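# A closer look at the structure
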Amino acid sequence: MNVLRRNGLGLLAWLLGIMFFLPIAWMALTSFHSEADAATNPPSFGAALTLDGYRDFFGTGGGASPWPALVNSLVASVASTLFVLLLALPAAYALSIRRVRKWTDVLFFFLSTKMLPVVAGLLPIYLFAKNTGTLDNIWLLVVLYTSMNLPIAVWMMQSFLAEVPVAVIEAARVDGARLPTVLARVVAPIALPGIAATALICFIFSWNELLFARVLTGVVAETAPVFLTGFITSQGLFLAKVCAASLVISLPVLAAGFAAQDKLVQGLSLGAVK
């Protein structure tokens, strides 16, 4: 009975994995088709493969180059993630190890900031950016992404740092280590899986953000998701080109997730088993 149950769970896991993988595989296959073959209904599985979609995306056919948008997304995502970690680590330390008064109220305050609809803050932020001359500025997005991801990062890292043995920190303090040294050399190495999981999630959120980037940027600070929406025009939907662009833009997130998958699993499961 146990063997049958284990095999059934294994089969269910495979089916769920295939269901999640099929859209990506379909997008990849469509990106190698011509526009005529990509638009057929029902889909043409045996159509000839071509790189025209990727040539159009990278601008070899005379279109706009995606590299400035990709670089902008990389700068905004990496910089905001680093700022989030620098701010979230001491905040989580104060809320988990050296707890401040009414620390639960502080956590719920952080959570309450995520309850405001993003659209509700769009107009005030746009007016602020317009009056300060920061429209179409990549550093405005860095500040926004940092403030947007900081609450969830503090929540995540607070639970991770709660698992750090207090005795180790006390031993470091007895040896004369000050707070920056304790955070950098004691807390951070122990909580590294949780920090990596937090960094990956913040990076993904920043890389995929579209609404603020669409409204607050133009040409100079255009990000990859905004560049992707430019392929949907009044003249029609270029399906093969959109699939090629979507696959290329998804690669950094997929690569980061694959590279940090062990740390991600350890971080998300930290504290689940006592």
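Residues numbered from 1 in each chain as written. Predicted model: local features only at pLDDT ≥ 70, side-chain atom pairs only at ≥ 80, totals over all residues. Heavy atoms only, no water.

As a reminder, the rule being used: UniProt positions are given in the numbering used here, feature names are shortened, and annotations may be inferred rather than shown by experiment.
Under an unreviewed UniProt entry, the name given to the protein chain is Sugar ABC transporter permease, and the source organism is Streptomyces griseorubiginosus. Word for word, the UniProt comment on the protein chain under Subcellular location (unreviewed entry) is "Cell membrane".

## So, the layout of surface pockets
Put simply, the rule reads: Grid points spaced at 1 Å over the protein atoms alone were grouped into cavities, where a 1.4 Å probe fits but cannot get out, and pockets, open sets with protein on both sides within 12 Å along at least five of seven lines, with lining residues defined by an atom within 4 Å of a point. Grid points are joined across faces, edges and corners, and a volume is the space filled by probe spheres set on the points. Helix and strand labels come from DSSP, where a helix needs a run of H or I of at least four residues and a strand needs a run of E of at least two; each type is numbered from the N terminus. Any residue that is not Ala, Val, Leu, Ile, Met, Phe, Trp, Tyr, Cys, Pro, Asp, Glu, Lys or Arg is counted as polar, Gly included; the first ten are nonpolar and the last four charged.
In this structure, the largest pocket encloses a volume near 350 Å³. The element contributing the most residues to the lining of the largest pocket is helix α7 (residues 138–161), with four residues. Among the residues forming the lining of the largest pocket, the class breakdown is eight nonpolar, three polar and one charged. Computed from the structure, the second largest pocket encloses a volume of approximately 180 Å³. Put simply, the parts of the chain that give the lining of the second largest pocket at least two residues each are α10 (192–208), α12 (224–229) and α13 (239–259). It is α13 that provides the largest number of residues to the lining of the second largest pocket, a total of five residues. For the lining of the second largest pocket, a count of residues per class yields seven nonpolar, four polar and no charged.

## Regarding the UniProt feature "transmembrane region" (unreviewed entry) in the protein chain
Within the UniProt annotation, "transmembrane region" (unreviewed entry) is assigned to residues 74–95, 107–126, 138–161, 182–206, 212–231 and 238–260. In residues 74–95, helix accounts for 100% and strand for 0%; the two terminal C-alpha atoms are 31 Å from one another. Within the segment residues 138–161, helix and strand shares are 100% and 0% respectively, and the terminal C-alpha atoms sit 32 Å apart.

## Let's talk about the packing of helix α8 (residues 166–174) against helix α9 (residues 179–190)
Applied cut-off: To obtain an axis, a line is fitted to C-alpha atoms, over the contacting stretch when the element is a helix, and the angle between two such axes runs from 0 to 180 degrees between their N-to-C directions. An angle below 35 degrees is treated as roughly parallel, one above 145 as roughly antiparallel, one from 65 to 115 as roughly perpendicular, and anything else as oblique. Put simply, a crossing is left-handed when the front helix is turned counterclockwise from the back one by less than a right angle, and right-handed when it is turned clockwise. Any two residues having at least one pair of non-hydrogen atoms within 4.5 Å are treated as being in contact.
Running from N to C, α8 and α9 cross one another at 160 degrees; their axes reach a closest spacing of 11 Å. Considering their axes alone, α8 and α9 lie roughly antiparallel with respect to each other. In terms of crossing hand, the pair formed by α8 and α9 is right-handed. Contacts from V168, I169, A172 and R173 of α8 reach α9 at V182, V186, V187 and I190.

## Digging into the domain arrangement of the protein chain
As a reminder of what qualifies: Boundary definitions for the domains trace back to an automatic or database domain assignment. Accessible area, probed at 1.4 Å, shrinks when two parts are joined; the buried area is that loss added up over both. A carboxyl oxygen of Asp or Glu within 4 Å of a side-chain nitrogen of Lys or Arg is what we treat as a salt bridge. In the analysis that follows, any N or O atom pair within 3.5 Å is treated as a polar contact, provided that within protein one partner can donate a hydrogen and the other can accept it, and provided that, for residues neighboring in sequence, both atoms belong to side chains.
The domain boundaries assigned to the protein chain delineate domain 1 (2–57) and domain 2 (67–268). On a C-alpha basis, the centroid separation for the pair domain 1 and domain 2 is 30 Å. Summing both partners gives a buried area of about 1,200 Å² for domain 1 against domain 2, and 82% of it is carried by carbon and sulfur. Looking only at domain 1, the three residues that lose the most surface to domain 2 are M27, E35 and F57, adding up to 54% of its buried area. For the interface between domain 1 and domain 2, the tally reads zero salt bridges. Inspection of the domain 1/domain 2 interface yields three residue pairs in polar contact (both at pLDDT 80 or more). For the side of domain 1 that touches domain 2, the secondary structure elements donating two or more residues are α1 (2–31), α2 (35–38) and α3 (52–57). Here the side of domain 1 that touches domain 2 is built from residues that sort into five nonpolar, five polar and two charged.

## Overview of the nonpolar core
Rules: The nonpolar core is taken to be a set of buried Ala, Val, Leu, Ile, Met, Phe, Trp, Tyr and Cys residues, with the residues joined through side-chain atoms within 4.5 Å. Three exposure classes are used, based on accessible area relative to the maximum for each residue type with a 1.4 Å probe and protein chains only: buried under 20%, partly exposed in between, and exposed over 50%.
Judged by nonpolar contacts, the single largest core of 30 residues is most densely connected at Y93, L161, I169 and V187. At the level of secondary structure, the elements contributing two or more residues to this core comprise α4 (67–96), α5 (103–112), α7, α8, α9 and α10. Leaving out residues up to four positions away in the same chain, I169 has contacts with Y93, I97, V164, V182, V186 and V187. Counting 18 residues, the second-largest nonpolar core is a separate cluster that includes F227, V242, A244 and V253.

## A few points about unusual backbone geometry
Despite not being glycine, D136 has its phi angle at roughly 60 degrees, a positive value. With respect to the helices and strands, D136 occurs in the loop between α6 (122–132) and α7. Residue D136 is classed as partly exposed on the basis of its relative accessible area of 22%.

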